[in-house]
Amino acid sequence: MGIYAVKTTASQERTVADMIINREEPEIHAALAPDSLTSYVMVEAEDNAVLNRVLEDIPHARSIVPGTSDISEVEHFLSPKPDVEGIAEGDIVELIAGPFKGEKAQVQRIDEGKDQVTVELYEATVPIPVTVRGDQIRVLDSDER
């Protein structure tokens, strides 16, 4: 048993993964189409012979990359990345959702446990700390660059 990389047509990764799983082959255990991995689907199967047989009938599936991958090589695709990763205190951000959408602000504090960021709005006459979710901001300028 191993994890195989299947080359696909660009932007068809999710479709190919869904079609592989929908075949309900007992020898195929899982299919993964991570957003960060373009044109490839990771498939856990007993051997590549069964995978070759399944892929013959699936459009957009191109080929199997020779060899297998270890679970340690695909592990990082399995856990979600926190939204506040890559954001540092002092960064200039734009709020992209919520009541302050479009406002620019400076990051004051980051709560990774709750995936929240406390920012101070630039345009406000009185500095008001506002706590927002990590997915509601976009970094414009970072001190670390």
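Parameters and conventions
Residues numbered from 1 in each chain as written. Predicted model: local features only at pLDDT ≥ 70, side-chain atom pairs only at ≥ 80, totals over all residues. Heavy atoms only, no water. Core = buried A, V, L, I, M, F, W, Y, C linked by side-chain atoms within 4.5 Å. Buried < 20%, exposed > 50% of the residue type's maximum accessible area, 1.4 Å probe, protein only. Helix = DSSP H or I, 4+ residues; strand = E, 2+ residues; numbered from the N terminus. Contact = heavy atoms within 4.5 Å. UniProt positions renumbered as here; feature names shortened; annotations may be inferred. Pairing = 2+ DSSP bridges. Axes fitted to C-alpha atoms, helices over the stretch in contact; angles between N-to-C directions. Domains from an automatic or database assignment. Phe/Tyr/Trp six-rings, centres within 6.5 Å; stacked < 30°, edge-to-face > 60°. Lys NZ or Arg CZ within 6 Å of the ring centre and 35° of its normal.

Caption draft 1: Region of the structure containing the nonpolar core. In terms of nonpolar packing, the biggest core is built from 17 residues, with Val6, Ile20, Ile28, Val43, Leu51, Leu55 and Ile58 touching the most fellow members. Contributions of two or more residues to this core are made by β1 (2-8), α1 (13-22), β3 (40-45), α2 (48-55) and β4 (61-64). Ranked by the residues each element gives to this core, the list is headed by α2, at 4 residues. What Val43 contacts, discounting residues up to four positions off in sequence, is Gly2, Ile3, Tyr4, Val6, Ile20, Ile28, Ala30, Ala31 and Leu51.

Caption draft 2: Structural detail: the environment of Ala45. Position of Ala45 among the secondary structure elements: in strand β3. Taking C-alpha positions, Ala45 is 5.7 Å from Met1, a pair spaced 44 residues apart along the chain. Every residue in contact with Ala45, bar those within four places of it in the chain, is listed here: Met1, Gly2, Tyr4, Glu27, Ile28, His29 and Val50.

Caption draft 3: Representation of the UniProt feature "domain: NusG-like N-terminal" (unreviewed entry) in the protein in the model. The feature "domain: NusG-like N-terminal" (unreviewed entry), as given by UniProt, occupies residues 1-81 in the numbering adopted here. Secondary structure content for residues 1-81 is 32% helix and 27% strand, and the end C-alpha separation is 28 Å.

Caption draft 4: Structural view of the environment of Ala17. Among the structural elements, Ala17 can be located in helix α1. Judged by its relative accessible area of 6%, Ala17 is buried. Expressed as a C-alpha distance, the spacing of Ala17 and Val50, which sit 33 residues apart in the sequence, is 15 Å. In this view, Ala17 contacts Ala31, Ala33 and Val41; residues no more than four positions away in its chain are not counted.

Caption draft 5: Looking closely at the sheet that holds β4. Within the open sheet, the 4 strands sit side by side as β2-β3-β1-β4. Their pairing is antiparallel. Pairing within the sheet leaves two strands with one partner each, and these edge strands are β2 (28-32) and β4. On average, adjacent strands in this sheet sit at an angle of 30 degrees to one another, irrespective of strand direction. With 4 bridges connecting them, β2 and β3 associate as antiparallel partners. Residue pairing in the sheet places Ala31 in a bridge with Val43 of β3. Strands in contact with α2 are β1, β2, β3 and β4; relative to β4, the strand with the most contacts, it is inclined by about 165 degrees.

Caption draft 6: Molecular detail of the domain arrangement of the protein. Each assigned domain of the protein is listed with its residue range as follows: domain 1 (2-77) and domain 2 (91-141). Distance from the C-alpha centre of domain 1 to the C-alpha centre of domain 2: 39 Å.

Caption draft 7: Region of interest: the packing of aromatic side chains. One pass over the full model with this rule turns up 0 aromatic pairs. One cation-aromatic arrangement involves Lys7 over Tyr40; the distance from NZ or CZ to the ring centre is 5.0 Å.

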